[in-house]
Every structure is written in structure tokens, then in C-alpha cells.
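Understanding the architecture of this molecule
Read off the chains here:
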Amino acid sequence: MNRRNFGRNRIVPLAAALAAALLVGMQGRPPAISPASGASGTSEAPSDASPRKIWVYFTDHGESSARDLQRVVETAPLSERSLSRRQVRGTALYDIHDVPVNSGYLARIRDTGCTLKRTSKYLNAVSVVATASEIAAIRRLPFVAKIEPVRSYRRENSVRFEEDLAPDQSSEGKEPTRPSGVDYGGSYAQLDQINVIPLHENNKHGEGVMVGIFDTGFNRGHESLIHLDVEAEWDFVYDDSVTRNQPGQDVYNQHNHGTYCLSALAGYAPGHLIGPAWAATFVLAKTERQFEEVQGEEDDYVRALEWADSIGVDVVSTSLGYFNWYVWSDMDGNTAVTTKACDIAASKGITIVTAAGNERTTSWKHIIAPSDGDSVIAVGAVDLNGTIASFSSPGPTYDGRIKPDVVARGVSTWCASPYDSLTYNGISGTSLSTPLVGGACALLLQMHPSWGPMDVLTALRDNASKWDNPDTLYGWGIIDAYQSGLGGATAVSESVALALSREGDTVRGTIQNNSALSLVVDVARHGSLPTGGGWDAHVTVARDIVVPGLSSSTFSDRIDDLSVYEYRAQLSDDASHFSAWFTVPVGLALGQNAPNPFYLGGASETSIPYSIAGMPSGPGGQASLSSYTDVKLEVFDVRGARVRTLIDTILPPGAYRAPWDATDDRSTPVASGVYFYRLTAGGQQATRKMVLIRR
């Protein structure tokens, strides 16, 4: 399948990152103070006797932005691992989101009489508890951009508990022992379904990858969790380093949910339970108040995310979700605080995996935040047979994007019991499918350390069970971890080539097999890349072409228009049960920019992928090179006025990326808003939309 590379190995010099961040940090904006609102969006004016918790957002970082950022660099508050992750994945080493909130602004807020709670450098905001008169005073401060209520989240609740199951007696039975001698116990079926086990057999267990998990707490005394390599843990509820239940402080079931999720991802007890990434290093955050009806607050989640970033996590897996006090129109990828924070974290090279929610049959009926983010991997749930779970929240997002992204086992998922050290249970919910996908992501990053979040997301989508026909229940389908990472098939894929040439309405293809294997090939054509991503239709071109070792075979296909096409050849070797996808676009293809929305300051630039006829975007392919083509890539505002010409040159067939730093042709920063970018090449055009948000 198509495995695209997004911004790999692009090292951003520190000076350039600094300059970009300073430019953004000094760009102020007038306060656009929004009223604090509830789910209805109507203004709520609390009495002074009823203080409330609010977010206060600032217009900028103040006159000390340059000094603050320099201090950040000089004192190096980020770990070596965090800086290494950013460098390897091609993001800015430091940007405006690493600058602390202005201390002078905080002092002025405190002077109103309110109580300061949490500051967020990601959001350039502070949460406070304030009365109505104090809120009114805060509104009048000239550096306050807006005020919003702090929302409450709730755990992505498990909907079916099967805790009466004894160890190793899961309802679906098991096939525990592999040729390698590993006994997976009751966890075999859930790992086999997402094809993780071949990666384990190739010695991929998450070594060297750091995974962050945010939840209710964790019972690490269970036999399947005592092996864990924990880099750091923190209780954001009580501000201490203990994330297990503490007598006299936590309710009896406080750490249950977190224990289920952690063990599904990281458990290791052969014969009982093995998680996909049991050998990774872990950062554990307790962020939810199990004992309260209001089960937690956004500021703890955001604080945990910033903390995990500073330590150097590669993957964050969370089964926490927000929708109380939000409305459906807020699920647009731009509104919820956690969604915005996750997008910022993704811009720093962190892969975010989150639960789509269990709300399909509730009055809400939709996905939950932050799964609406375009830079996060939203996970739905299926059962043993691959059928969507009745509770799994459907998409799309409010703005029409397909969600969830992928699915995994979330019905009777085998995991550790939090009540003792030896028992295992089957638990249901997208809470449990999420850590399975999170663990698979850790394995992909172990194999491909330079992959950013969009690389991981694309690899999972392109190799999932519904890759050619995604929908709003399954997304792109059940993941295939082995194929997403190419598993042990690299040697074969590198020795097989797919080449295309086009004359008028006829496309001719040649499959060159330079390996010793005899391969069977199926070829399909995919057309009309839609705005939402993916390919909306496919046509079988040739089936069961046999290509002996060191030989080639050809096929031809007639097409009836000038749309963008992508040819995919599936090569299989029955002896080793190997398959790989090779993709060649015909015409031109314009991909979605990333990150999008583009939070200027969160990333120093956004990147636009595009390709021109004849260049394979999968590994090992070889295209027939034709003449060079005139290529132009331009950015327009909503009125249709050209803002910036990014590319205007002659290029050979190939796959490319073009950065945009949110400036016009005169290098003047442009305003926040919706923009369109248009690719013109070889007499064809393609256009997409992107969103710029300045902070």
C-alpha cells in the first residue's frame, strides 16, 4: 500500500526555530473575549457566591518574549530525549509553545483576587477559579484574548465488564503457543487480529520507544506489570509521584480503568497476557478524579501532555474523552482544549492515540474530543470477528472528516484485573482498543524512528482492512501492524519494481521481479482523491499475474478521463504468506497539508505534499521517467486573491513536499483564516483547503 513520507529527517536549525518563534511571539492581536458558555453556548453569569473555573487566554507572551525564549534555550527545560525526538522527526527544536506564560500577566490576573490553578505554555493560558466580579475584572485586562470555562471530561467508560472470567478462560478460546515458543494466553486473539505477533517474532516489542499513558492511576503490582520500565509517573490530582491507589485518599476503584488500559498495551506474563509493546519505556500520568461526579478537568490533561513532551515521549495513548459541556459543532478539530493541545503535541513529533468513544447508542451519538483532531489517531472498537461494536462512537467530525481513523479489538479485550496480582478479565470499550493501537504505534516507531505522527497515521490507514473504502464506523478498518511497518518483508519489497507509462487513455504497467520468489500479482486502479483523504473507488485491472523470479510481466488499462489515478499492485508469496503494496500515481496528486489546522507558533511551517505523474510513492517502485513538467503551487485567500507562489519551476516526475511559513510573496505574515492551495502541472489542476490560526 501507499506509504508516504512526511517531513522525515528535516533538521530545523536552532537559530531558525528561534527566529520563527520570536516572530510569532511578537505578533499580538486585539482581545476577542468570548463569554463563558455552557453546552448551549449561552452566556452564564455566575453569582459572586458561586466561583467557577475558567481558562484565561493571552494575546501574546508580552514584551519579554525574546528573553523568555532565550531563557528556555539556555536553561534547556526539555530533556535530551525530547530534543532528540524533535530533531529526528524534523520539527523545530524550540518554538513559541515552549515559552512559559508571561509572569507579569499572571501577577495581574492574581491581583483581581482570583485563585490561579494551572498554566499552559501550549495554550498560552491559565486556569483560574474566579467569581463573577473577578471574571469581569479579568476581561478588562488588555492582554486577555478570551475567557472560556474549563470543561470537565469523563473516562471513556468501559461498557461491559466480564470480571467473572478466570485466568486463561477467555470466551473466544485461544491459540496461545507460537512457533517461537511464546504463549500469549488469552491475549492471542486480540494481537493476532491486528497482526502484531509477526513483529514480536522479528524481535520488535517496543524497545527504545517511550510511551505515555494518561488515566485514572495504575496498579503496577500485578504480575503482568511488574516488569515495566517506568521513566516517570505523576499524580496530577494530588500532585505527588504515586499513581496507584493510596489509602485514605483514593476510592477503591480509582486505578481500575488505568490498569486495564496499561496492561492491554504493556502487559507481559507469558501464558496469560502479552501486550503489543511490553518492552517500551513508560511515562504514567494520573489525571482523572474517579471519586467526583465531575470526573476531571482539561487543565490536568494539558498539563500532563506538556510534562510528557518535556520528558521525551514518542507515543501518548489515552482513553479519556470530552463531550460534556460541548456541543456537536465543537467536534470540528479546532475547538476543544484537549484537541488543540493534542495537535500542538503532534506538531512536536508525538503520536497521539485516543479513544473515539462509546457513545453510538447514547444521546450524544458522535465521537468525542480529542478524537476529532486531524493530527490524532482516533480508535474505534470491533469484536473478535471484526464487527463494529454496538457502542463504538461513529464519525464524521462536524466539518465532515472521516473518523474514527482505525479500529481494533474492544469487545472482551483481555487485560489484567486491578483487584489482585494474578487475575485477568475481558473488558469492553474503545478504552481497550486504543492501547492495542497505541502499542502497535510504538512498534512502528521502533522500526522507523524518524516517522512523525502523520507517517504513522498514513501507514496504519494504508494497510488497514478498509483502506480502499473507509467509512464513519470503521474508519480505514482493522489495523495490520506487520504490513504497516513492512515487517520482515523489506528484502522482498526492495527487489520488486512497478513501472507505469501513459499514452492518451491507455496506461501500461510492468512488474519487474528481481527476487528468487515466484510472486502472484493483483493490480487495482484507484481514482479521484477526495478532500477527506483516501481513494473513493477502485477497479481491478489485472488479477493473478504470475511473475517468476528474475522476470517481468506487463498489463494495460484503458481510462476514460483525466482524473488522478493511483495503481496498486499487491504481490503475494504463498509460501511465506507475504504481501506488500507498491503504489504509482498517474497524473498529479495533491495531499493534505500537515499540520492542519496550522497553529503558527505550534509549528514553524506547514508542509504540502504533492506528486507528479510516474513516481512511485511506495518502496521499491521504479517509474519510467518522461519529460520534465511545468509545476506551479500557489496559495489563495478565501476571496480568490493569490497570497503566495510556493513553487513555479520545471520538475521531473516525483513525490515532493512544499513548506509554507504563513507569509505572502513579500514575506509579510498573513492573518488567521481559511486558505486554499492549488497545484497546476501538465495541464491538470488540484485544489485543497487549509486553516491558519495565529496565537
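Summarised in this report is the structure supplied together with it.

**Re the nonpolar core**
The tendency in soluble globular proteins is for nonpolar side chains to be buried side by side. One finds V211, L262, F282, I377, V437 and L460 to be the most contacted residues of the largest nonpolar core, which totals 50 residues. Top contributing element to this core by residue count: helix 11 (residues 430-447), with nine residues. In this structure, I377 is in contact with T351, I352, V353, T354, D405, V406, V437, C441, V456, L457 and L460, ignoring residues within four places of it in sequence. Counting 39 residues, the second-largest nonpolar core is a separate cluster that includes A285, I311, L320 and W364.

**Side note on helix 3 (residues 80-88)**
Those residues of helix 3 that fall on the buried side of the exposure criterion are S82, L83, R85 and R86. On an axial view of helix 3, the arc spanned by its buried residues comes to 155 degrees, and they lie on one face. Structurally, helix 3 contributes buried residues whose contacts are with helix 9 (298-311). Phi turns positive, to about 75 degrees, at G90, one or two residues after helix 3.

**A word on the pairing of strand 28 (residues 606-612)**
Counting buried positions over the seven residues of strand 28 gives seven, a clear majority of the element. Of the two faces of strand 28, the one holding T606, I608, Y610 and I612 and the one holding S607, P609 and S611 are both buried throughout. Inspection of the sheet shows strand 26 (residues 588-590) paired to strand 28 by three bridges, in the antiparallel sense. In the strand pairing of strand 28, L588 is matched with I612.

**So, a nonpolar patch on the surface**
Taken together, the side chains of V638, V674 and F676 define a hydrophobic patch exposed on the protein surface, amounting to about 230 Å² of accessible area. Checked against the element boundaries, F676 lands in strand 32 (residues 673-681).

**Examining the environment of V670**
Among the secondary structure elements, V670 is positioned in the loop between strand 31 (654-660) and strand 32. Overall, the relative accessible area of 11% leaves V670 in the buried class. Linking V670 and L692, residues 22 residues apart in sequence, is a C-alpha distance of 9.0 Å.

Rules used throughout
- Residues numbered from 1 in each chain as written.
- Predicted model: local features only at pLDDT ≥ 70, side-chain atom pairs only at ≥ 80, totals over all residues.
- Heavy atoms only, no water.
- Core = buried A, V, L, I, M, F, W, Y, C linked by side-chain atoms within 4.5 Å.
- Buried < 20%, exposed > 50% of the residue type's maximum accessible area, 1.4 Å probe, protein only.
- Helix = DSSP H or I, 4+ residues; strand = E, 2+ residues; numbered from the N terminus.
- Contact = heavy atoms within 4.5 Å.
- Arc of directions from axis to C-beta.
- Pairing = 2+ DSSP bridges.
- Patch = residues over 30% accessible without salt bridge, like charges linked within 9 Å, V, L, I, M, F, W, Y side chains within 5 Å.
- Areas by Shrake-Rupley, 256 points an atom, 1.4 Å probe, with all protein chains shown as cover.
- Salt bridge = Lys/Arg side-chain N within 4 Å of Asp/Glu carboxyl O.

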